[in-house]
Amino acid sequence: MLAAGTAVALTGCTAAQGDPAAAQVPEAAGQVPVRPALLPPPPGGPKTAVPPATITALPGPGSCMALTVDDGASAEVVGAYIQFAKDTGARFTFFVTAYYRSWSEHRDELRPLVESGQIQLANHTWDHADLTVLSESSVADELSQCKLFLRNTFGVDGSPYYRPPFGRHNAAVDRIAADLGYRVPVMWYGSLSDSGLITEQYLVECARKYFNPQTIVIGHANHAPVTRCYGQLVDIIRERNLSLVTLDDVLTVV
Ligand SMILES: [Zn+2]
């Protein structure tokens, strides 16, 4: 049963949907099957020094890809991403919107992965407000409340990286963020387009389009479809010889 369960977890959307017997495999309560890491470790070598400024890609040549996963509106999807990391060795960065209960709910499973560096946490504000329409003090509150939550819950504050909700920021917002230690606004090259509900097929099409060397790709822990596509995402990453990395794996901010 464990082997069948593993196959379900790592099989792409189509195969999983087409196999009703596999879908009925119960969770193996209390057991932690040993699964091989399917993705390679990050490449060694020196980190790339970047200035404190907006990034939309990983600088320089290489074969890395920084998957960044935002929000956390669904505790189930946050949990599935954590399991994905455990199952495959995937390394990625969560941009945490601290207001969602998902993050406290999964604290105990997530914290060891944060401490080992496999999963990085960064600031995506308290409750996902558009920072460009807030007063200066409200912008500071949005970022500092998330900072406090991350510090208290995970022992890190996510600095120097923050992602402005909706990608909306300006010089004034960035200055306030920098004053709180968030000196690098992290934008993206491509998106899995799943901040709202989309089909699994479209999500995988987006991955095929945007999973490329030295990119920053954005996904969301909001809706279930991605949790049924992990096998296909792994296939794309492996076919293209990409290494999933956290921002800290490859960058140092000077
Ligand atoms: Zn967001």
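Refer to the preceding data block for the structure.
Reading the values: the criteria
Residues numbered from 1 in each chain as written. Predicted model: local features only at pLDDT ≥ 70, side-chain atom pairs only at ≥ 80, totals over all residues. Heavy atoms only, no water. Helix = DSSP H or I, 4+ residues; strand = E, 2+ residues; numbered from the N terminus. Buried < 20%, exposed > 50% of the residue type's maximum accessible area, 1.4 Å probe, protein only. Contact = heavy atoms within 4.5 Å. Areas by Shrake-Rupley, 256 points an atom, 1.4 Å probe, with all protein chains shown as cover. Arc of directions from axis to C-beta. Polar contact = N/O pair within 3.5 Å; in protein donor to acceptor, adjacent residues only side chain to side chain. Salt bridge = Lys/Arg side-chain N within 4 Å of Asp/Glu carboxyl O. Pairing = 2+ DSSP bridges. Donors = N, O, S within 2.8 Å, 3.2 Å for Na, K, Ca; no water. Phe/Tyr/Trp six-rings, centres within 6.5 Å; stacked < 30°, edge-to-face > 60°. Lys NZ or Arg CZ within 6 Å of the ring centre and 35° of its normal.

Right, let's talk about the overall build of the chain for a bit. Counting secondary structure elements, the chain contains 11 helices and 10 strands. Among the 254 residues that make up the chain, the fraction classed as buried is 48%. In the chain, once contacts between residues fewer than 6 apart in sequence are set aside, the share between residues at least 24 apart is 80%. Total accessible area on the chain is roughly 11300 Å²; 54% of this is exposed by carbon and sulfur atoms.

A few words on helix α8 (residues 171-179). By the burial criterion, the buried members of α8 are Val-173, Asp-174, Ile-176 and Ala-177. Looking straight down α8, one finds that the buried residues subtend no more than 160° of arc, so they occupy a single side. For α8, the exposed residues set more than 90 degrees away from the buried face come down to Ala-171 and Asp-179. A side-chain oxygen of the first residue of α8 lies 3.1 Å from the backbone nitrogen of Ala-172; this N-cap is Asn-170. At the exit of α8 stands Gly-181, carrying a positive phi of roughly 100°.

Of all the 10 residues making up helix α10 (residues 230-239), seven are buried; the element is thus mostly covered by neighbouring parts of the structure. For α10, the full list of buried residues reads Tyr-230, Gly-231, Gln-232, Leu-233, Val-234, Ile-236 and Ile-237. Positive backbone phi, approximately 55°, marks Asn-241, located one or two places after α10.

Moving on, we come to the pattern of salt bridges. The final tally for this structure, using the stated rule, is 10 salt bridges. Residues Asp-70 and Arg-163 are paired through a salt bridge, measuring 2.8 Å at the closest nitrogen-oxygen approach. Highlighted residues: Asp-70 in strand β2 (residues 64-71) and Arg-163 in the loop between β5 (161-162) and α8, separated in sequence by 93 residues.

All right, on to the pairing of strand β8 (residues 215-220) then. Across the six residues of β8, six count as buried, placing the element largely inside the fold. Burial along β8 is two-sided: the face carrying Thr-215, Val-217 and Gly-219 and the face carrying Ile-216, Ile-218 and His-220 are both buried. As paired strands, β2 and β8 are joined by six bridges and run parallel to one another. The residue bridging Leu-67 from the neighbouring strand is Val-217, located in β8.

This part is about the coordination of the zinc ion. The zinc ion binds to the protein through Asp-71 (OD), His-124 (NE2) and His-128 (NE2); the donor distances cover 2.0 to 2.1 Å. Read N to C, the donor residues that coordinate the zinc ion are spaced as D-x52-H-x3-H. Separated by 57 residues along the polypeptide, Asp-71 in strand β2 and His-128 in the loop between β4 (119-123) and α7 (136-154) bring together distant segments of the chain. For the residue pair Asp-71 and His-128, the accessibility class agrees, reading buried in each case.

As a further point, take unusual backbone geometry. With omega at 10°, the peptide bond leading from Ser-159 into Pro-160 counts as cis. The phi dihedral of Thr-125 falls on the positive side, at around 75°, and the residue is not glycine. Inspection of the secondary structure assignment puts Thr-125 in the loop between β4 and α7. One non-glycine residue, Gln-214, lies in the positive phi region at around 65°. With respect to the element layout, Gln-214 can be found in the loop between α9 (200-210) and β8. With a relative accessible area of 12%, Gln-214 lands in the buried category.

Turning next to the packing of aromatic side chains. Per the counting criterion, the structure on display carries 12 aromatic pairs. Between the aromatic rings of Tyr-81 and Tyr-230, the centroid separation amounts to 5.2 Å while the plane-to-plane angle is 70°, which identifies the pairing as edge-to-face. Here the residue Tyr-81 occupies a position in helix α4 (residues 75-88), and Tyr-230 occupies one in helix α10, the gap between them amounting to 149 residues. Assigned by exposure class, Tyr-81 and Tyr-230 land together as buried. Relative to Trp-126, the ring of Tyr-99 has its centre 6.4 Å away and its plane inclined at 80°; by these criteria the two rings are edge-to-face. Taken together, the residues Tyr-99 in the loop between β3 (92-96) and α5 (102-105) and Trp-126 in the loop between β4 and α7 connect sequence positions 27 residues apart. Its relative accessible area of 26% is what places Trp-126 among the partly exposed residues. Linked through ring pairs, Tyr-81, Phe-84, Phe-92, Phe-94, Trp-103 and Tyr-230 together constitute an aromatic cluster. The ring of Phe-95 has Arg-163 sitting right over it, with the charged end atom 4.4 Å from the ring centre.

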